[in-house]
Amino acid sequence: MARDLAPDVERIMENGSPYLRKKAALCAIRIIKKVPDMMESFVERAATLLKAADGAVQLAGVSLMLQIVELDPTQVDMYRPHVPALCQLLKRLLQPGGAPADYDVSGIANPFLQVKLLRLLRHLGRGHAEASDQMSDILAQVASNIDASRNAGNAVLYETVQTIMGVESIGGLRVLAVNTLGKFLANRDNNMRYVALNTLAKVVAVDTQAVQRHRATIVECVKDADVSIRRRALELVYGLVNEGNIRALTRELLDYLAVCDAEFKPDLTSKIATLIQRFAPDKRWHIDNLLQVMTQAGSYVKEEVCRALIVLITNAPDLHAYAVRAMYRNLHAYQDVADTSLLITSLWCVGEFGEMLVAGSGVPLLEGEPAVSCSDRDIVDLVATVLAKKAADVVVREYALTAAMKLTARLPGQVPRLQALLARFNRSAALEVQSRSSEYTRMFKLAPPMRAQLLERMPALDEAEYLRNMGAEVRPSVPSTGGAAAAPATSSAAASAGGAAAAAGGDLLGDLGDALAPASTSAPAAAGGLDDLLAVGPVGASAGGVAADVLDLLDGGSKEPPAPPAPPPEPVSFPPAVVFQGATGVAIRFAFHKPGGKDSGVTEITATYANAGPAAVTDFNVQAAVPKFMQLRLEPASGTTLPGQGAGAVVQKVYVNNSQHGVKALAMRLRISYKDATGSPVVEQTEVTAFPAGC
Amino acid sequence: MIHFLILMSRQGKVRLAKWYSTYTQKERARVVKEITPLVLSRPLKLCNFLDWKNVKLIYKRYASLYFVCGVDAGDNELITLEIIHEFVEVLDRYFGNVCELDLIFNFHKAYYILDELLVAGELQEPNKKAIHKAIGDQDQLVENAKNGVEEGQGAAGR
């Protein structure tokens, strides 16, 4: 219908009465939206409408031009020659008597047309210095002379400011614009403040300095009663933060966090945490403030934040004592209401540095710090209380158990109590808790020196490494099944590995089968603490030749594997590892084999697909993609149907040649498509990055 | 552009609804249902703008009626308020001190007036007098048609 009527519309637009022409023009807007091809015929005609005498026809013409430009940005060049004409039109409106009195709205002549003109000028001037020059005059005129007492005037002013910021204006004009926004901000009318905050958010990306001047007002707006204003103000504040004002702003934000309503809390918490991490002036301030955030809104703090905090603490040895004291104080004060994040961070610190808490340990207090008085008993009491709480999260229990274990080495006087505490969870229903408890209890059978060695202080975790690994995929790993071996070496290894390869976390001792070299694994074995942090890689030496013999089934290969022990020169095989676990029970295992030896770039992967789900899946197909520096060849699979319950498996060989072997690691993206039991197609995608090293 | 214009009473009854984008019947009902509590629950002092899905809601309360406009996120909110005000002024001029009852009983006229003011989601006529004249002309046409019919009947009857 649009196509059929378009010629008629064109005709009316050219020569009808003004009444009809304006309707025709707006009708054209609808037509070109429906049928963009028809735009051609209207491009020229829209411009001719500008010459009409009637304000409504002009308005319709400008609206049409705007729509054309928005739909097809290339038309901007066509319309740029009209910039002087548009400015002329606008100028005439600003002069007294420029338009018939009928078009007046509270003293402004045809504000609707003015706003549309300004909008069009914005599009035409963007990225074009010459056009912007031509319009700068009129923009300055509008911005300075408009009557801002009524809403109509403010509407035009608002559009002017947006246009100034949108085109290539000179510095003076921009300053004028920002000052106008400042005036809006100070206005008591909520509408004006909303509008100002909205625009400032766009400005702050371009010109932060100018906006800093209004920081105080903006912070006030954060606490406003109006939720729309609050939201805008918060976004603006994030954009404003820099090293200079971080302390003041964080304090404000933290105060606000205490009183704001629930719908804002998660967002606000994560933003504050990000800000603290990015701009912290010094470590002590960092720890303090993150601790405050956790106390106020612990339930919204994500695990990554806690882990990052712990990484930070380990990297600041001079602050260990301070950190643990702060944590202890907080935990003691808030033990009833503390959330998971606060609990796990505090437990980790207490476990790691517990002995520094006890008076007389000889570690001086930092300035301005209140003294902490507690004894070994108190520390153990605290851990016991946390463990005893029925509502405690399983993760919290795990951390508490590990902390208790570490404390046996730090506070020798409390060993019997701690041992009893640990033993209590030998029959816990949670698998991880039970396994930890039984493994730790087992460790007591070891000779004391060996146990002490295992529970030594953790080495400083490499922050850069950690941050890099945070970006990598985290796969769940099954707790080790070791511990049944006879030799103490193996059992302690198992115990440490039990601590290491635990739930939710990275995978360290993933690669299995071969006995791993002593030097690398014993470090993580020491103080089997934060499991996923161990994914960062064992750094630093440690005594005790502990050969870990760990089976980690669900792991896709370690990120930082210990040096492969004396691999045969050729060929090299790596044990199978599951690289993908689908939602419906489909699993993919890769077995790596290097027929050319470990220095060759060629890897042969035997992919095995199995289905643990109840019913069979059909049309199973895997597609793989590799980065440019690698070559990939897929052999046809042995079948496309995966019977259920893991009854049968499909095998497919994949050949990968890494031309940057040794320089760049393998990476592969898999796209798996199949039809599940009901016949509906399923598509899943995954990235495999954790190839065994040497691949 | 304006996607829709809804007039609702304080109790949440929709007196007038005009849609300038394609919305199915179901979507329309859903929009109305979701917007009503959002707008009606706003206290007086707050600003007249709300974010909802990908549309900005601009509302203004006149006596017992809420005029709600849904516009694109990038539009000038203040000028939309002016458009709403323009509509109210034209209604006022036409009905003479318009009140909600006028709109309930003459809703067809209200729609005609709106059609003279907004087309395709854009403002059509900034001049209130011109709109008034156009509506006057239309009314005249209706009168003529009615009279013509009566005359014709009268002539036939005679």
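Scoring rules and cut-offs
Residues numbered from 1 in each chain as written. Chains lettered and ligands numbered in written order. Predicted model: local features only at pLDDT ≥ 70, side-chain atom pairs only at ≥ 80, totals over all residues. Heavy atoms only, no water. UniProt positions renumbered as here; feature names shortened; annotations may be inferred. Helix = DSSP H or I, 4+ residues; strand = E, 2+ residues; numbered from the N terminus. Buried < 20%, exposed > 50% of the residue type's maximum accessible area, 1.4 Å probe, protein only. Contact = heavy atoms within 4.5 Å. Areas by Shrake-Rupley, 256 points an atom, 1.4 Å probe, with all protein chains shown as cover. Pairing = 2+ DSSP bridges. Axes fitted to C-alpha atoms, helices over the stretch in contact; angles between N-to-C directions. Core = buried A, V, L, I, M, F, W, Y, C linked by side-chain atoms within 4.5 Å. Domains from an automatic or database assignment. Parallel < 35°, antiparallel > 145°, perpendicular 65-115°, else oblique. Left-handed = near helix turned anticlockwise from the far one by under 90°. Nonpolar A, V, L, I, M, F, W, Y, C, P; charged D, E, K, R; others polar. pLDDT = per-residue confidence, 0-100. Buried area = accessible area lost by both parts, 1.4 Å probe. Salt bridge = Lys/Arg side-chain N within 4 Å of Asp/Glu carboxyl O. Phe/Tyr/Trp six-rings, centres within 6.5 Å; stacked < 30°, edge-to-face > 60°. Polar contact = N/O pair within 3.5 Å; in protein donor to acceptor, adjacent residues only side chain to side chain. Expected span 1.5 Å × (residues − 1). Arc of directions from axis to C-beta.

Going by the annotation in an unreviewed UniProt entry, the name recorded for chain B is AP complex subunit sigma, with Chlamydomonas leiostraca given as the source organism. On record in UniProt, under Function (unreviewed entry), the comment for chain B is "Subunit of clathrin-associated adaptor protein complex 1 that plays a role in protein sorting at the trans-Golgi network and early endosomes (TGN/EE). The AP complexes mediate the recruitment of clathrin to membranes and the recognition of sorting signals within the cytosolic tails of transmembrane cargo molecules." Reading the Sequence similarities (unreviewed entry) entry of the UniProt record for chain B gives the comment "Belongs to the adaptor complexes small subunit family."

Under an unreviewed UniProt entry, chain A has the name AP-1 complex subunit gamma and belongs to Chlamydomonas leiostraca. Quoted verbatim from the Sequence similarities (unreviewed entry) field of UniProt, the annotation for chain A is "Belongs to the adaptor complexes large subunit family."

Draft legend 1. Quick look at the overall build of chain B. Helix and strand counts for chain B come out as five helices and seven strands. Reading chain B from its N terminus to its C terminus gives the helix and strand order β-β-α-β-β-β-α-α-α-β-β-α. Scored against the burial criterion, the 158 residues of chain B give a buried share of 49%. Long-range pairs, those at least 24 residues apart, make up 47% of the contacts in chain B with a sequence separation of at least 6. In the form shown here, chain B has an accessible surface area of approximately 7800 Å², with 55% of it arising from carbon and sulfur atoms.

Draft legend 2. Focus on the sheet that holds strand β1 (residues 2–9) of chain B. All names here are of chain B. In spatial order, the strands read β2-β1-β5-β4-β3; together these five strands make up an open sheet with antiparallel pairing. Two strands bound the open sheet, and with one partner strand each, they are β2 (14–19) and β3 (49–52). This sheet shows a mean twist of 20 degrees between the axes of neighbouring strands, independent of strand direction. Here β3 pairs with strand β4 (residues 55–62) via four bridges, running antiparallel. Residue pairing across strands places W52 opposite V55, the latter belonging to β4. Set on the sheet, helix α4 (residues 107–117) makes contact with β1 and β2; between it and β2 the angle comes to about 35 degrees.

Draft legend 3. Main features of the nonpolar core. The biggest cluster of nonpolar side chains holds 206 residues, and the ones touching the most others in it are I68(A), Y79(A), M135(A), I218(A), L268(A), F87(B) and L118(B). Among the elements that take part in this core, helix α2 (residues 77–95) of chain B stands out by supplying ten residues, more than any other. Both of domain 1 (1–79) and domain 2 (282–470) of chain A provide at least three residues apiece to this core. Y79(A) has contacts with F42(A), V43(A), A46(A), A47(A), M65(A), I68(A), V69(A) and L124(A), leaving out every residue within four places of it along the chain. By size, the runner-up hydrophobic cluster in this structure holds 25 residues, among which are A607(A), V617(A), L642(A) and L670(A).

Draft legend 4. Representation of the packing of helix α17 (residues 283–297) of chain A against helix α19 (residues 320–334) of chain A in the model. Residue and element names in this part refer to chain A. Axis separation between α17 and α19 bottoms out at 11 Å; the angle between their running directions is 15 degrees. With respect to their mutual orientation, α17 and α19 come out roughly parallel. Here α17 and α19 pass one another in a crossing that is right-handed. Where α17 abuts α19, its residues R284, I287, D288, L291 and T295 lie against Y322, A323, A326, M327, N330 and Y334. Taken together, the residues of the contact of α17 with α19 sort by class into seven nonpolar, two polar and two charged.

Draft legend 5. How the structure looks around the confidence of the model for chain A. Confidence in the prediction for chain A averages 74 pLDDT; 77% of positions are at 70 or higher. At the level of individual helices and strands, chain A shows its lowest average pLDDT in helix α28 (residues 518–525) of chain A, which scores 36, and its highest in helix α7 (residues 111–125) of chain A, which scores 91.

Draft legend 6. Representation of the sheet that holds strand β10 (residues 668–675) of chain A. All names here are of chain A. Spatially, the three strands line up as an open sheet ordered β7-β10-β11, and their pairing is antiparallel. Looking at which strands have only one partner, the edges of the open sheet turn out to be β7 (618–625) and β11 (681–688). The average angle at which neighbouring strand axes cross in this sheet is 15 degrees, direction not considered. When β10 meets β11, the two strands line up antiparallel, connected through eight bridges. Its bridge partner lying in β11, L670 is registered against T686.

Draft legend 7. Layout of the interface of chain B and chain A. Facing 35 residues of chain B, the contacting portion of chain A comprises 37 residues. Here chain B meets chain A over a buried area of about 3100 Å², counting both sides, of which 51% is carbon and sulfur. The largest contributions to the chain B side of the interface with chain A come from L78(B), E82(B) and P126(B), which together make up 18% of the buried area. For K116(A), the salt bridge is made with E122(B), and the minimal N-O distance between the two is 2.5 Å. With seven residues, α2(B) is the single largest residue contributor to the side of chain B that touches chain A.

Draft legend 8. Layout of the packing of aromatic side chains. All names here are of chain B. Enumeration over the complete set of coordinates arrives at ten aromatic pairs over all chains. For the pair W19 and Y23, a centre-to-centre distance of 5.2 Å together with 55 degrees between the ring planes defines the contact as tilted. Judged by its relative accessible area of 15%, W19 is buried. Overall, Y23 belongs to the buried group, its relative accessible area being 18%.

Draft legend 9. Highlighting the side chain of K265(A). Among the structural elements, K265(A) can be located in helix α16 (residues 265–279). If we skip the residues at most four places from it in the chain, K265(A) touches L257(A), A258(A), C260(A), A297(A) and Y300(A).

Draft legend 10. Structural view of the side chain of E77(B). In this fold, E77(B) is placed in helix α2. With a relative accessible area of 0%, E77(B) lands in the buried category. A distance of 2.3 Å separates a polar atom in the side chain of E77(B) from a polar atom in the side chain of K56(B). Contact partners of E77(B), with chain neighbours within four places excluded, come to Y158(A), Y194(A), V195(A), N198(A), F49(B), K56(B) and I58(B).

Draft legend 11. View of the confidence of the model for chain B. Residues and elements named next belong to chain B. Across chain B, pLDDT averages 89, with 96% of residues at or above 70. Here helix α5 (residues 128–157) is the element of chain B with the lowest mean pLDDT, 83, and β1 is the one with the highest, 94. Predicted complex, confidence summary: ipTM 0.91, pTM 0.62.

Draft legend 12. Quick look at the environment of R436(A). All names here are of chain A. Here R436 is to be found in helix α24 (residues 431–443). Residues R436 and Y399, spaced 37 residues apart in sequence, show a C-alpha to C-alpha distance of 9.9 Å. Side-chain polar atoms of R436 contact the side chain of T402, separated by 2.6 Å. Within the local environment of R436, its side chain forms a polar contact with the side chain of E432, the two groups lying 2.7 Å apart.

Draft legend 13. Representation of helix α1 (residues 25–40) of chain B within the structure. Residues and elements named next belong to chain B. Between its first and last C-alpha, α1 extends 23 Å over 16 residues, near the 22 Å set by a 1.5 Å rise per residue. Looking only at α1, the buried set comprises V31, V32, I35, T36, V39 and L40. Relative to the axis of α1, the buried residues are bounded by an arc of 130 degrees and lie together on one face. Opposite its buried face, α1 presents the exposed residues K26 and K33, each directed more than 90 degrees away. Among the structural elements, β1, β2, β3, β4 and β5 (65–72) are those in contact with the buried residues of α1.

Draft legend 14. Unusual backbone geometry, seen in detail. You will see that S106(A), though not glycine, has its phi angle at about 45 degrees, which is positive. Mapped onto the fold, S106(A) is located in the loop between β1 (104–105) and β2 (108–109). One non-glycine residue, A120(B), lies in positive phi territory at about 55 degrees. Take A120(B): it is sitting in the loop between β6 (118–119) and β7 (122–123).

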